[in-house]
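Observations on chain architecture
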Amino acid sequence: MMKTCWTLLALAAVSTGAAAAETFHWPNGAKAAVSLAYDDAADSQLDHAIPTLNKYGVKGTFYLTLSSPTIDKRLPEWRAAAQAGHELANHTLFHQCRRSQPERSWVEPHRDLDTTSVAQLKDQVTLANTMLHAIDGRRERTFTAPCGDLLASGQNYLPAVQNEFVAIKASIGRGAVPSMAALDPYLVPVVIPVGLTGQQLIAMVKEAADKGTMISFTFHGIGGDHLANSSAAHEELVKYLAENRKVYWTDTFLNIMKYAKSR
């Protein structure tokens with residue numbers, strides 16, 4: 001189980017104090033961009049998250065661990081999600097993390113990132129892109145580093161895989177991105193909500209609007225599974241975003257980052 005992979009990194013808090021809005025022009029005059037992403041290819045994402053997104057016409061990004069049982073057992077549903085406009089993205093084949101870090105007893109020794117070479121991981125990440133192409137027929141991808149771990153056998157592996165992706169989520173945020181001008185598209189900070197209310201989640205997107213920047217959520221379980229938020233809290237956020245499309249541009253991480261890089 002990966003239930004503690006982000007635990008020491010993740011409980012996000014709303015930043016205090018509103019910064020002056022940055023001069024960055026989002027599509028259609030929106031004040032901020034919002035990325036709703038979901039890690040680990042969990043059952044509850046198919047059961048709860050995707051139906052809610054579809055209900056309100058909001059697009060999300062799903063970082064698939066390709067060895068997840070849901071890829072084998074529920075592949076038609078993932079294909080349907082892609083056909084509905086959601087992004088299927090790369091979260092490696094086996095969700096390898098550093099076993100040496102706290103609360104990582106769940107990491108299997110043969111999948112320990114501390115003993116996996118950069119070359120081995122690059123091969124696996126590249127193969128994951130090929131498998132994703134077989135699922136949805138697309139070529140452009142984004143990536144999220146499992147557990148936020150960036151070292152393979154003690155070396156930063158991101159430079160080896162960066163050219164495979166439009167953008168990478170690889171750092172931990174505490175709220176909205178502070179500045180679009182200073183944002184590294186290959187080290188984008190993410191907020192990992194766990195057990196938050198709908199109002200707490202909405203407060204974070206309001207912070208992004210105040211700053212004129214963006215916020216990138218990475219959820220895991222929705223109404224079940226690990227690192228979970230309730231289905232009700234998730235739906236409250238999605239409904240709010242759908243009702244305030246003039247303020248928030250909510251789209252796939254791929255589309256948001258392609259636009260941000262073009263600016």
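A brief structural summary. (Residues numbered from 1 in each chain as written. Predicted model: local features only at pLDDT ≥ 70, side-chain atom pairs only at ≥ 80, totals over all residues. Heavy atoms only, no water.)

**Some words on the overall build of the chain**
Inclusion rule: Numbering of helices and strands runs from the N terminus; a helix is a DSSP stretch of H or I covering at least four residues, while a strand is a stretch of E covering at least two. Restricting the calculation to C-alpha atoms gives the radius of gyration, and the globule rule supplies 2.2 Å times the number of residues raised to the power 0.38. Type-normalised accessible area, obtained with a 1.4 Å probe on protein chains alone, sets the label of each residue: buried when under 20%, exposed when over 50%, and partly exposed for intermediate values. The contact definition used throughout considers only heavy atoms, calling two residues in contact when any of these lie within 4.5 Å. Only the protein chains shown count as cover for residues, with accessible areas throughout obtained via the Shrake-Rupley method and a probe of 1.4 Å.
What the chain contains, in helices and strands, is nine helices and 10 strands. Taken over the C-alpha trace, the chain has a radius of gyration of 17 Å; the compact-globule value for 263 residues is 18 Å, and the two agree within 12%. When its C-alpha atoms are laid out on the principal axes, the chain stretches across 45 × 35 × 35 Å. Per-residue burial over the chain gives 54% buried out of 263 residues. A separation threshold of at least 6 residues defines the contact pool for the chain, and within that pool the share at least 24 residues apart is 76%. A total of about 10,900 Å² of accessible surface is found on the chain, and carbon and sulfur atoms cover 52% of it.

**Quick look at the side chain of H86**
With respect to the element layout, H86 can be found in the loop between α4 (75-83) and β3 (87-90). A relative accessible area of 0% places H86 in the buried class.

**Quick look at the state of the cysteines**
We count it as follows: Here, two cysteine sulfur atoms that lie within 2.5 Å of each other are counted as a disulfide.
Taken as a whole and judged by the stated rule, the model has one disulfide. Residue pairing for C97: its cysteine sulfur links by disulfide to C147, the two sulfurs lying 2.1 Å apart. Disulfide C97-C147: the torsion about the S-S bond is 85°, which places it as right-handed. Of the two residues, C97 is situated in the loop between β3 and α5 (118-136) and C147 in the loop between β4 (142-144) and β5 (151-152); the sequence distance between them amounts to 50 residues. Residues C97 and C147 agree in their burial class; the two are buried.

**Quick look at the pairing of strand β2 (residues 61-64)**
The condition that has to hold: Paired strands are those between which DSSP finds at least two bridges.
With burial as the criterion, each face of β2 is covered, one bearing T61 and Y63 and the other bearing F62 and L64. With three bridges joining them, strand β1 (residues 32-39) and β2 adopt parallel strand pairing. Across the sheet, residue A37 finds its bridge partner in β2, namely T61. Relative to β3, β2 is paired through four bridges, and the arrangement is parallel. Across the sheet, residue T61 finds its bridge partner in β3, namely E87.

**Considering the packing of helix α2 (residues 43-56) against helix α8 (residues 231-243)**
To keep things clear, this is the line we draw: For every element, the axis is a line fit to its C-alpha atoms; helices are fit only across the contacting stretch, and the angle between N-to-C directions ranges from 0 to 180 degrees. What sets the label is the angle itself: under 35 degrees gives roughly parallel, over 145 gives roughly antiparallel, 65 to 115 gives roughly perpendicular, and the rest give oblique. Crossings are assigned a handedness: left-handed for a near helix turned anticlockwise from the far helix by less than a right angle, right-handed for a clockwise turn. Residues were grouped as follows: Ala, Val, Leu, Ile, Met, Phe, Trp, Tyr, Cys and Pro as nonpolar; Asp, Glu, Lys and Arg as charged; and all remaining residues, including Gly, as polar.
One can describe the packing of α2 onto α8 by two numbers: an axis separation of 10 Å at closest approach and a directional angle of 25°. Judged by the inter-axis angle, α2 sits roughly parallel to α8. As for how α2 packs across α8, the hand of that crossing is right-handed. Of the residues in α8, those in contact with H48, A49, T52, L53, K55 and Y56 of α2 are S231, H234, E235, V238, K239 and A242. For the contact of α2 with α8, the class distribution of residues is five nonpolar, four polar and three charged.

**Structural notes on the packing of helix α7 (residues 198-211) against α8**
Packing of α7 against α8 brings their axes to within 8 Å, and their N-to-C directions diverge by 35°. Judged by the sense of rotation from one axis to the other, the crossing of α7 with α8 is right-handed. Residue-level contacts link G198, Q199, L201, I202, V205 and K206 of α7 to A233, E236, L237, Y240 and L241 of α8.

**Some remarks on the nonpolar core**
Rules: Here the nonpolar core consists of buried residues drawn from Ala, Val, Leu, Ile, Met, Phe, Trp, Tyr and Cys, with membership extended through side-chain atoms lying within 4.5 Å.
Counting 42 residues, the largest nonpolar core has L36, F62, L64, W78, V205, F217 and L237 as the members making the most contacts within it. Elements that contribute at least two residues to this core include exactly β1, α2, β2, α4, α5, α7, β9 (214-219) and α8. Here the element with the most residues in this core is α7; it accounts for six residues. In this structure F217 touches V34, S35, L36, A37, K169, V191, P193, L201, M204, V205 and L237, once residues within four positions along its chain are discounted.

**Some points on the pattern of salt bridges**
Quick note on the threshold: The term salt bridge refers to a side-chain nitrogen of Lys or Arg lying within 4 Å of a carboxyl oxygen of Asp or Glu.
Following the criterion strictly, the structure yields 12 salt bridges and no others. The closest approach of N and O atoms between E77 and R74, which form a salt bridge, is 2.8 Å. For R104, the salt bridge goes to D149, with nearest N and O atoms at 2.8 Å. Separated by 45 residues along the polypeptide, R104 in the loop between β3 and α5 and D149 in the loop between β4 and β5 bring together distant segments of the chain. Its relative accessible area of 6% is what places R104 among the buried residues. Where salt bridges share partners, they join D43, D47, R74 and E77 into one cluster.

**As for the environment of A167**
Structurally, the position occupied by A167 is in strand β7 (residues 167-172). For the pair A167 and T218, spaced 51 residues apart in sequence, the C-alpha to C-alpha distance is 15 Å. If we ignore the near neighbours within four places in the chain, the residues touching A167 are R141, T142, F143, P185, Y186, F253 and M257.

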